[in-house]
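Fold and contact review
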Amino acid sequence: AGECYISLGRKDRITPGMPFSVHDPRVGIKLQTDTDPNAKPDPDVGGKGGIEVLEVGENESLCRVTFLKKSQHVEVGDLIVNLFYQQDRNKKFHFVVFGDFDLDGDGVATAAEHDRLVRMITSWGGVVDEQLTPETDYLVLGTRSAAPATKTGADAGGGVADERAQLQKKYDDLYTEAKRASVPTLNANRFLAFIGYYNTTVVH
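Each value, and the rule that gives it
Residues numbered from 1 in each chain as written. Predicted model: local features only at pLDDT ≥ 70, side-chain atom pairs only at ≥ 80, totals over all residues. Heavy atoms only, no water. Pairing = 2+ DSSP bridges. Helix = DSSP H or I, 4+ residues; strand = E, 2+ residues; numbered from the N terminus. Axes fitted to C-alpha atoms, helices over the stretch in contact; angles between N-to-C directions. Buried < 20%, exposed > 50% of the residue type's maximum accessible area, 1.4 Å probe, protein only. Contact = heavy atoms within 4.5 Å. Core = buried A, V, L, I, M, F, W, Y, C linked by side-chain atoms within 4.5 Å. Salt bridge = Lys/Arg side-chain N within 4 Å of Asp/Glu carboxyl O.

What follows is about the sheet that holds strand β3 (residues 49-56). Judged by pairing direction, the sheet is antiparallel, and its 5 strands sit side by side in the order β1-β4-β3-β2-β5 without closing on themselves. Two strands bound the open sheet, and with one partner strand each, they are β1 (3-6) and β5 (79-81). Direction aside, the axes of adjacent strands within the sheet are offset by 40° on average. In this structure, β3 lies alongside strand β4 (residues 61-68), joined through 7 bridges in antiparallel fashion.

Structure (structure tokens):
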């Protein structure tokens, strides 16, 4: 898909493997934070494509293009974004990550994929908190834990069912709290698209 250079380098704390989404400056950077699965998607959300840093120089870095929407091209002057990257080393974006995540698209959400998402954020300078605080910049929500099968007899109301019900309540509470506090909420797909992560090999 091609290569390009960005005007960020070692001095800006850029590292190999870092992904960025690419945006047309005439459209700007659009962040769709509605987690309603029935909401009509905005075609400009996530930008025109994604790039991944290959080689880092002092003031610029070589990147490979990992994805481009149809009829789009990476051009001089395009805007690049990574939600957890800050040029100012004294500033850090804060995230809360909750829910079930299926990053590899195999239909099975695993704890390892949740941990992988957290690792992406922390390895490039973001902070992951357990709870929403006044410092929280984004809430990243996976899917809500599925309702447990109805229990009968000695198992009624216990064990796994209780735990899942608690997770569902926390999920709903976080979503409500984020809306009340005007904290942007992203599902996993929108989050990954917005940082320019398109099934690349940036995290192992």
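Following the structure, the description resumes.
With that settled, consider helix α3 (residues 188-195). An α-helical turn contains 3.6 residues, so a residue and the one three or four places further along point in the same direction. In terms of burial, α3 is a largely internal element, 7 of the 8 residues being buried. Within α3, burial applies to A188, R190, F191, L192, A193, F194 and I195. Where α3 is buried, its residues touch β2 (19-23), β5, β6 (94-98), α1 (111-123), β8 (138-141) and β9 (185-187). Of the residues trailing α3, G196 is marked for its positive phi of about 80°.

This paragraph deals with the nonpolar core. A general trend in soluble globular proteins is that nonpolar side chains are found buried together. Core analysis: the biggest nonpolar cluster contains 33 residues, and F20, L117, M120 and F191 have the highest contact counts within it. Counting only elements with at least two residues in this core, the list comes to β1, β2, β3, β4, β6, α1, β8 and α3. For this core, the leading source of residues is α3, giving 5 residues. Excluding residues within four positions of it along the chain, L117 makes contact with V97, F101, L103, V140, F191 and L192.

Let us now look at the pattern of salt bridges. Within the structure shown, the criterion is met by 7 salt bridges. Close ionic contact of D24 with R26 constitutes a salt bridge, the shortest N to O distance being 2.7 Å. Of the residues examined, D24 reaches a relative accessible area of 13% and is grouped as buried. Accessibility expressed as a relative area gives 73% for R26, which makes it exposed. The shortest N-O distance in the salt bridge between D78 and K48 comes to 3.0 Å. Note that D78 is positioned in the loop between β4 and β5 and K48 in the loop between β2 and β3, a separation of 30 residues in sequence. Taken as a pair, D78 and K48 share a single burial class, namely buried.

Moving on: the sheet that holds β8. Taken together, the 4 strands give an open sheet; going across it, the order is β7-β6-β8-β9, and neighbouring strands pair in parallel fashion. Edge positions in the sheet fall to β7 (127-129) and β9, since each has one partner strand and no second. Ignoring which end each strand starts from, the neighbouring axes of this sheet average 35° apart. Packed onto the sheet, α1 meets β6, β7 and β8 and runs at close to 175° relative to β6.

Its place among the elements puts H114 in helix α1. Along the chain, H114 and F101 lie 13 residues apart, while their C-alpha atoms are 5.6 Å from each other. If sequence neighbours within four positions are ignored, H114 has contacts with V97, G99 and F101.

As a further point, take the environment of I80. Within the fold, I80 resides in strand β5. Note: C-alpha distance between I80 and P19 (61 residues apart in sequence) is 9.5 Å. With near-sequence residues (within four places) excluded, I80 lies in contact with I6, L8, F20, S21, V22 and I51.

Note that all results are geometric; they support no functional claim without further evidence.
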